[in-house]
Amino acid sequence: MSEIGFQVIPSRKLTDAEVQELRDHYLVYAKAERDEHRKLRADLDEIYTRIDKLFESGAMLRTVTTLYECDHIVVFATESSILALREFQQAMLSEGRKVRLVPEVGGDINSIRALPENDLLIVVTTSNGFARRQRERIVASKAFKVIVTASEDPDLHAIFDDVFTIGEGSEEGSSLHRIYATFGVTYFFDRLFAQYARAFDPELK
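Residues numbered from 1 in each chain as written. Predicted model: local features only at pLDDT ≥ 70, side-chain atom pairs only at ≥ 80, totals over all residues. Heavy atoms only, no water.

Considering the packing of helix α3 (residues 61–69) against helix α8 (residues 177–200)
Interaxial distance between α3 and α8 falls to 10 Å at its minimum, and their mutual angle equals 70 degrees. The orientation of α3 with respect to α8, classified from their angle, is roughly perpendicular. Along this stretch, α3 crosses α8, giving a crossing that reads as right-handed. Mapping the contact onto sequence places Leu 61, Val 64, Thr 65, Leu 67 and Tyr 68 in α3 and Leu 192, Gln 195, Tyr 196, Ala 199 and Phe 200 in α8. Residues of the contact of α3 with α8, tallied by class, amount to eight nonpolar, two polar and no charged. (Axes fitted to C-alpha atoms, helices over the stretch in contact; angles between N-to-C directions. Helix = DSSP H or I, 4+ residues; strand = E, 2+ residues; numbered from the N terminus. Parallel < 35°, antiparallel > 145°, perpendicular 65-115°, else oblique. Left-handed = near helix turned anticlockwise from the far one by under 90°. Contact = heavy atoms within 4.5 Å. Nonpolar A, V, L, I, M, F, W, Y, C, P; charged D, E, K, R; others polar.)

Here it is in structure tokens:
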């Protein structure tokens, strides 16, 4: 399984199945470096270039404006991506905007259904597997819906208002999934914050 589906708490002993899930997630790219001769620097260059082009195209403008105008910002993701999103959460606090991170494993998950029209829901799922599992909750939400992904699924993506594809080849179990879920997600949200700050922070106008 390429998206970690449980909360990692150091004080809690993991089951054998959870340990194997972690191993599958974190070793897949190391194996690809050995067996497929993948190069992390080359993969990162490709990911960062694609994300830069996405922002340079103007495709992000509606979502950036919604970040500013909405009542509440909610980011819905798996534990493996939540770790990469905390920096964005803190950065937005510096702009006076609170971002609520909702992991797939947690008591807050059912709140997604109740999000009203003037809220913003950003779903982060580089393999699309998470969004497929949570599709019913996402559809029930009335918020403006955005998905950040690295895998094609036109039927799934049709339920979102904005779709941002930061790459391709991040399907479940693929060697690139962890790279997208950590480096790709981190870079995308760093660029999202930068564009937000340039648009709305008085020091950067």
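Considerations on the environment of Asn 118
Topologically, Asn 118 is positioned in the loop between β2 (99–103) and β3 (120–124). Through-space distance from the C-alpha of Asn 118 to that of Glu 203 is 27 Å; in sequence the pair is 85 residues apart. Here Asn 118 is in contact with Glu 69, Cys 70, Asp 71 and His 72, once residues within four sequence places are set aside.

Here's the deal with the packing of helix α2 (residues 40–56) against α8
Running from N to C, α2 and α8 point in directions that differ by 30 degrees, and their axes come no closer than 10 Å. The handedness of the crossing between α2 and α8 comes out as right-handed. Where α2 approaches α8, its residues Leu 40, Leu 44, Ile 47, Tyr 48, Ile 51, Asp 52, Leu 54 and Phe 55 are matched on the opposing element by Ile 179, Tyr 180, Phe 183, Gly 184, Tyr 187, Phe 188, Arg 191, Leu 192 and Gln 195. For the contact of α2 with α8, the per-class residue count stands at 13 nonpolar, two polar and two charged.

A word on the nonpolar core
Ranked by size, the top nonpolar core spans 40 residues in total, and within it Leu 85, Phe 188, Phe 189 and Leu 192 carry the most contacts. For this core, the secondary-structure elements that each account for two or more residues are α2, α3, β1 (73–77), α4 (79–93), β2, β3, β4 (144–149) and α8. It is α8 that contributes the most residues to this core, nine residues altogether. Residues Ile 109, Phe 130, Ala 131 and Ile 147 belong to the second largest nonpolar core, which totals 16 residues. (Core = buried A, V, L, I, M, F, W, Y, C linked by side-chain atoms within 4.5 Å. Buried < 20%, exposed > 50% of the residue type's maximum accessible area, 1.4 Å probe, protein only.)

Overview of unusual backbone geometry
At His 37, a position not held by glycine, the phi torsion is positive, near 60 degrees. Here His 37 shows up in the loop between α1 (16–35) and α2. Taking the relative accessible area as the measure of exposure, His 37 reaches 60% and is therefore exposed. Positive phi values are uncommon outside glycine, yet Asn 128 reaches one of about 75 degrees. Tracing the chain through its elements places Asn 128 in the loop between β3 and α5 (129–133). With relative accessibility at 0%, the residue Asn 128 sits in the buried group.

Observations regarding the pattern of salt bridges
Scanning the model with the defined rule gives eleven salt bridges in all. Across the pair Arg 62 and Asp 162 runs a salt bridge, and its minimum N-O distance is 2.6 Å. With a gap of 100 residues between them, Arg 62 in helix α3 and Asp 162 in strand β5 (residues 162–165) connect regions that are remote in the sequence. Between Arg 135 and Asp 155 there is a salt bridge whose closest N-O contact spans 3.1 Å. Within this pair, whereas Arg 135 is found in helix α6 (residues 135–140), its partner Asp 155 is found in helix α7 (residues 154–157), the two being separated by 20 residues in sequence. You can call Arg 135 partly exposed: its relative accessible area is 28%. (Salt bridge = Lys/Arg side-chain N within 4 Å of Asp/Glu carboxyl O.)

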